[in-house]
Amino acid sequence: MASNSLSFPPIAISTSQICNEKPHNSSLLPLPLSSLYGKKLLISHSKLRTLALQYNNPSTTVTVLSTLPTKKYTSEKIPKWSARAIRSFGLGELEARKLKYPNTGTEALLMGILIEGTSPAAKFLRANGITFFKVREETVNLLGKSEMYFFSPEHPPLTEQAQRALDWAVEEKLKSGDSGEITTTHILLGIWSEKESAGRRILETLGFNDDKAKEVIESMNRDVALSSR
């Protein structure tokens, strides 16, 4: 396993800029900025689906997702997931924990896309009046709230429908034959493909339909055509 050491010089920063809230999801766990001053980071490259970062204290590890879980394909046989897709997944997983749900469902994947917010899929949803707060409200209306003293797992496992949505995204990307990344648009369409899922039902409630899905596909195809020129 190859490793490299990086030195971080002291950086002047106001303490008011440092967030003291402890994130719920270790897959997106940022180290406090102050803890990196003058420290050495050991970056370990692994064949697993994660990249582990360690600094002087061996007990401190930050795990960053480099791919998303799929059942049908091994990571060596599929295109790369885009950084936005990976961030969206992690933020959706975190939102599932905030709502104290035992699993990460299609509704969480949808919320993750909107929380990340910078992808074409998120922009399309917002342009059509589908916002994170509306999706979150519909999620609670549909699935309810968990008990006050229930604590979600550190990484709430995917529901079968959410797993199929991710597998659909991979499959459609492979069918397309282009060499680009799997994006949040593929995830959104994967959610829509699961007809009985909470994510699709929420989208339908908020006005998303097959015509909108076709618009998303056409937009994605245009982007692919432009990037290949």
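Note that residues are indexed from 1 along each chain, following the sequence as it is written. Since the coordinates come from a predicted model, pLDDT governs what is reported: local features require at least 70, and pairs of side-chain atoms require 80 or more to be given and counted, while whole-chain, interface and lining totals use all residues. For the side-chain quantities, the full set of heavy atoms in the structure was used; hydrogens and water were omitted.

- With an unreviewed UniProt entry as reference, the protein is termed Clp R domain-containing protein, source organism Salix suchowensis.

Overview of a negative patch on the surface
Then, in step 1: Patches in this entry comprise residues that are over 30% relatively accessible and not in a salt bridge; like charges within 9 Å are linked, as are nonpolar side chains (Val, Leu, Ile, Met, Phe, Trp, Tyr) within 5 Å. In this description, accessible areas are obtained by the Shrake-Rupley approach with a 1.4 Å probe, and a residue is regarded as covered only by the protein chains that are shown. Should a side-chain nitrogen of Lys or Arg be within 4 Å of a carboxyl oxygen of Asp or Glu, the pair is scored as a salt bridge. Under the counting rule used here, the positive set is Lys and Arg, the negative set is Asp and Glu, and His together with the chain ends is not counted. Charge coordinates come from a single atom per side chain, which is NZ of Lys, CZ of Arg, CG of Asp or CD of Glu. On the surface, D210, D211, E215 and E218 cluster together into a patch of negative charge.
Then, in step 2: Helix and strand assignments follow DSSP, with helices taken as H or I runs no shorter than four residues and strands as E runs no shorter than two, numbered in order from the N terminus. You can see D211 is positioned in helix α8 (residues 210-227).

Considering the nonpolar core
Then, in step 1: With 39 residues, the main nonpolar core has W81, L125, I187, L203 and F208 as its most contacted residues.
Then, in step 2: Elements represented by at least two residues in this core include exactly α1 (83-98), α2 (106-116), α3 (120-127), α4 (132-143), α5 (160-176), α6 (184-193), α7 (198-205) and α8.
Then, in step 3: What makes two residues a contact is simply this: any of their non-hydrogen atoms within 4.5 Å. Excluding its chain neighbours within four sequence positions, the residues that come into contact with W81 are T67, L68, T70, I86, L166, A169, V170, E181, I182 and I187. Grouping buried Ala, Val, Leu, Ile, Met, Phe, Trp, Tyr and Cys residues that are joined through side-chain atoms within 4.5 Å yields what is termed a nonpolar core. Exposure categories follow from relative accessible area, calculated using a 1.4 Å probe and restricted to protein chains: below 20% of the type maximum is buried, above 50% is exposed, and the middle band is partly exposed.

Some details on the environment of D178
Then, in step 1: Positionally, D178 belongs in the loop between α5 and α6.
Then, in step 2: C-alpha separation for the pair D178 and P79, spaced 99 residues apart in sequence, amounts to 9.5 Å.
Then, in step 3: Among the polar contacts made by the side chain of D178, one reaches the side chain of S176 at a distance of 2.7 Å.
Then, in step 4: Within the structure, D178 has its side chain in polar contact with the backbone nitrogen of G180 (distance 3.0 Å). Throughout this description, a polar contact denotes any pair of N or O atoms lying within 3.5 Å of each other; where both atoms belong to protein, one of them has to be capable of donating a hydrogen while the other can accept it, and for residues adjacent in sequence the pair is counted only when both atoms sit in side chains.

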